[in-house]
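Chain by chain, the residues run as shown.
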Amino acid sequence: MNQTNLPTENQNTKTEIKEEISIPTNMELSPYSKKIALGTRVKEKFIEIFFAINGAVALIFIVLIFIFLFKEGIQALNDIGVLDFIYFDQVQFNDSIKRLYEWYPTSSEPRFSLVPLIVGTLLTAIPATLISTFFGVGAGVYLSEIAKPGAREFLKPIIELFAGIPTVVLGFLMLVVGASFFNDLLEPTNRLNAFIAALGLSFVIIPIIASMTEDALRSIPNDLRMASYGLGATKWQTVSKVILPAGFSGVSASIILGFGRAIGETMIVLMASGNAANITTDILLSVRTMTATIAAEMGEVSQGSDHYYALFFIGIILFTITFFLNLIAEIIINKMRKKNVF
Amino acid sequence: MKKIKISTEDLSLYYSEKQALKNISMNITEKQVTAFIGPSGCGKSTYLRVLNRMNDLIPNVRITGKVFVDGVDIYDKNLDVVNLRKRIGMVFQKANLFPKTIYENLIYGPSINGIRDKNILNEIVEKTLNQAAIWDEVKDRLHESALSLSGGQQQRLCIARALAVKPDVILMDEPASALDPLSTAKIEELIHELKEDYTIVIVTHNMQQAARVSDKTAFFYLGELIEFDNTTKIFTNPKVKQTEDYITGRFG
Ligand SMILES: Nc1ncnc2c1ncn2[C@@H]1O[C@H](COP(=O)(O)OP(=O)(O)O)[C@@H](O)[C@H]1O
Ligand SMILES: [Mg+2]
């Protein structure tokens, strides 16, 4: 914990800064100030334009992706129709009708229900987020409040390193090592299942939540900790009753971002979830997520077919969900900054 | 004759290698106001934090010498620090209310002590707000954010919050340095009333303030306790030349 800044020192630095503020008025009188300003001004302008162009290019790309995705995806609504994305009514031999919620786009009677894919996505993303919240917030609290400075400097990069492991490697590890381990332990119905995928996802999401939680908690002024300890609170009471509530918005933003990442993550679920489009709440069954479906099928689909447009439509849904999750998290974080923490 | 509440013997404190307090021996009398004066950086806050072991929270702090509160060595290995801090409350330079309601701020101390009964908590809230002379100003807005109060009100609420855990001693580190004259006067008046029941130690930059509120005054300089005596004595007839220079404004 960073407790070197006690309130008294804050005051001292504040008065020092005040004294420094009066200096620029003298500088304006300096005969050199104009020359320097001219040279730097051109350079500053140049740098400014350079970054403005960079920003604009990034923005243009996002808009182009967005337009392309929607142009292709909207076609799906023309060709397939909204209801066909939910169910398919199959006529049986005795003329009765059976309602199917299946993703079976290559059948002679193609079925495009997204229900199993959405279920699959939620059944991997929600458990992954729950697991990651538990460990991620725990790790964030540990790093910010409990770890000695030395331990923190050592552990933080290690945790962040996890976020940098290529997801294909994590997927592979879950597929080979994780699945075998839990196959013996839990004897699941399917060797590759939603739980295995969720565990794999957690490796990516825990670092996100841990590092954002740590940032949120560390930005809480030390005064509040002092107030709490000064009233005779223990460390645990201080963390649970003062620090976590004060950092609530930052922590929840990190969880929302983690959830967005869990929904959007592709490689791990493609390799570890089993990819059978089951509609189930049993976490030990194979499932197929929206992302894995696009990744697995886009390569083989014939361009311009219903199947092709359907995959784009899934892309729109994913784009929209993650866009809004990120937006919410961003809004929370901005509010937090403006209010200077809380 | 009043009892000695706190005493330190040959107390030295080091931040890593740097010595911030040098062999300080002092007795603080109960139910009096003791003021610490001295230029900035001379160890007043550090010494204050020794008395309720807040320095424990700073890494690499080393202490030698002894500190007794009611005759008990508070740096004894078996001493319960949490309990010590309940008995020795602290008010900081900058009001540090929690981002919660006024009511929640006040019951924080009692409720971490295990008091759950609503009626008792309400009683504590009313009593401490009255003690801190702020009841009339906040009684209608107890469930509003404490941060919506003015700076002076926030600081008095901090005092009320410290009182709510029923301490014997209140340590105040320049409690009025960030306040306007009117709020400062209110705090000083409050200190005057509180010393009936509490032992008060106050750090202040402001010599007039020390002269107004305190019974005893200690002058610190560069980590040393230069002079400690009755306030009237310090301000009228100091023994040490450095003290005289400081109170007459010749340095610091
Ligand atoms: N947390 C800390 N870590 C290291 N040095 C500190 C810390 N707090 C105070 N000091 C140093 O100890 C000395 C005394 O500081 P302090 O007790 O705050 O003085 P005062 O309250 O009289 O202004 C100063 O030199 C200060 O820089
Ligand atoms: Mg100080």
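Rules of the game
Residues numbered from 1 in each chain as written. Chains lettered and ligands numbered in written order. Predicted model: local features only at pLDDT ≥ 70, side-chain atom pairs only at ≥ 80, totals over all residues. Heavy atoms only, no water. Helix = DSSP H or I, 4+ residues; strand = E, 2+ residues; numbered from the N terminus. Rg over C-alpha atoms; globule rule 2.2 N^0.38 Å. Buried < 20%, exposed > 50% of the residue type's maximum accessible area, 1.4 Å probe, protein only. Areas by Shrake-Rupley, 256 points an atom, 1.4 Å probe, with all protein chains shown as cover. Core = buried A, V, L, I, M, F, W, Y, C linked by side-chain atoms within 4.5 Å. Contact = heavy atoms within 4.5 Å. Phe/Tyr/Trp six-rings, centres within 6.5 Å; stacked < 30°, edge-to-face > 60°. Lys NZ or Arg CZ within 6 Å of the ring centre and 35° of its normal. Domains from an automatic or database assignment. Buried area = accessible area lost by both parts, 1.4 Å probe. Salt bridge = Lys/Arg side-chain N within 4 Å of Asp/Glu carboxyl O. Nonpolar A, V, L, I, M, F, W, Y, C, P; charged D, E, K, R; others polar. Polar contact = N/O pair within 3.5 Å; in protein donor to acceptor, adjacent residues only side chain to side chain. Pairing = 2+ DSSP bridges. Right-handed = clockwise from strand over helix to strand, strands pointing away. Expected span 1.5 Å × (residues − 1). Bend = angle between axes of the 7 residues up to and from the residue. Near = heavy atom within 4 Å.

*Asks:* Give a description of the overall build of chain B that names residues and reports values.
*Replies:* Counting secondary structure elements, chain B contains 10 helices and 10 strands. Against the globule reference of 18 Å for 252 residues, chain B gives a C-alpha radius of gyration of 18 Å, in line with a compact fold. Dimensions along the principal axes, computed over C-alpha positions, put chain B at roughly 55 × 45 × 40 Å. For chain B, the residues scored as buried account for 56% of the 252 residues in total. Of the accessible surface of chain B, which amounts to about 10,900 Å², a share of 47% is contributed by carbon and sulfur atoms.

*Asks:* Help me get a handle on the nonpolar core, residues and values and all.
*Replies:* If you look at the biggest cluster of nonpolar residues, it comprises 61 residues, and the most contacted ones within it are Phe85, Trp103, Leu114, Leu201 and Ile314 of chain A together with Phe98 and Tyr108 of chain B. Filtering out sequence-adjacent residues up to four positions away, Ile314 of chain A remains in contact with Trp103, Leu114, Leu117, Met290, Thr293 and Ile294 of chain A. If you look at the next biggest cluster of nonpolar residues, it comprises 42 residues, including Leu97, Ala162, Leu190 and Tyr246 of chain B.

*Asks:* Residues and numbers for the packing of aromatic side chains, please.
*Replies:* By the definition in use, this model includes 21 aromatic pairs over all chains. Consider the rings of Tyr47 of chain B and Phe220 of chain B, whose centres lie 5.5 Å apart with planes at 45 degrees: the pair is tilted. With Tyr47 of chain B in helix α1 (residues 44–51) and Phe220 of chain B in strand β9 (residues 216–221), the pair connects residues that are 173 residues apart, well separated along the chain. Here Tyr47 of chain B and Phe220 of chain B have matching classes, each one buried. Put simply, the rings of Phe66, Phe70, Phe319, Phe323 and Phe324 of chain A touch in pairs and so form one group of aromatic residues. The residue whose ring lies beneath Arg99 of chain A is Tyr87 of chain A, and the NZ or CZ to ring-centre distance is 3.8 Å. Stacked on the ring of Tyr14 of chain B, the Lys or Arg Arg62 of chain B has its end atom at 4.4 Å from the ring centre.

*Asks:* Can you tell me about the domain arrangement of chain A, naming the residues and giving the values?
*Replies:* Residue and element names in this part refer to chain A. In terms of domains, chain A is made up of domain 1 (1–79) and domain 2 (114–339). On the domain 2 side, the residues contacting the 19 residues of domain 1 number 21 residues. Buried area between domain 1 and domain 2, summed over both chains or domains, comes out near 1,600 Å², and the portion from carbon and sulfur atoms is 70%. Joining domain 1 to domain 2, the criterion identifies 0 salt bridges. When residues of the side of domain 1 that touches domain 2 are traced back to their parent elements, those giving at least two are α1 (7–21) and α3 (33–79). For the side of domain 1 that touches domain 2, the per-class residue count stands at 10 nonpolar, 7 polar and 2 charged.

*Asks:* Provide a residue-level description of the interface of chain B and chain A, including the pertinent values.
*Replies:* Taken together, the contact between chain B and chain A spans 27 residues of the former and 25 residues of the latter. Between chain B and chain A lies a buried interface of about 2,400 Å² when both sides are counted; carbon and sulfur atoms form 65% of it. Between Lys94 of chain B and Asp223 of chain A there is a salt bridge; the shortest N-O distance is 3.0 Å. Across the contact surface, chain B and chain A share 5 residue pairs in polar contact (both at pLDDT 80 or more).

*Asks:* I'd love a proper account of the pairing of strand β1 (residues 4–15) of chain B, names of residues and values included.
*Replies:* All names here are of chain B. Note: β1 against strand β2 (residues 18–29), 8 bridges, orientation antiparallel. In the strand pairing of β2, Leu11 is matched with Ile24. With 8 bridges connecting them, β1 and strand β4 (residues 61–69) associate as antiparallel partners. Of the residues in β4, the one forming a bridge with Ser12 is Thr64.

*Asks:* Explain the pairing of strand β8 (residues 199–203) of chain B residue by residue, including any values.
*Replies:* All names here are of chain B. Of all 5 residues making up β8, 5 are buried, and the element is well covered by its neighbours. Burial of the side chains of β8 extends over both faces: Thr199, Val201 and Val203 are buried on one face and Ile200 and Ile202 on the other. The sheet contact formed by strand β3 (residues 33–37) and β8 spans 4 bridges and is parallel. Within the sheet, the bridge partner assigned to Ala35 lies in β8 and is Ile202. Sheet topology note: the strand β7 (residues 169–173)/β8 ladder contains 5 bridges and is parallel. Paired with Leu171 across the bridge in β8 is Val201. A crossover links β7 with its parallel partner β8, the connecting element being helix α7 (residues 181–194), and its sense is right-handed.

*Asks:* Quick rundown of helix α4 (residues 115–146) of chain A? Include the residues and the values.
*Replies:* In this model α4 of chain A runs 44 Å from its N-terminal to its C-terminal C-alpha over 32 residues, within 8% of the 46 Å that 1.5 Å per residue would give. Along α4 of chain A, the sharpest kink reaches roughly 25 degrees, centred on Thr133 of chain A.

*Asks:* Pulling in residues and values, what's your account of the site of ligand 1?
*Replies:* Taken together, 15 residues surround ligand 1, and among them Lys18, Gly41, Lys44, Ser45 and Thr46 of chain B come closest. Looking at what sits near ligand 1, you find residues from chains A and B. Residue Lys18 of chain B places a side-chain N or O atom 2.5 Å away from an oxygen atom belonging to ligand 1. Looking at which element gives the most residues to the shell around ligand 1, the answer is α1 of chain B, with 4 residues. Classifying every residue of the shell around ligand 1 gives 5 nonpolar, 6 polar and 4 charged.

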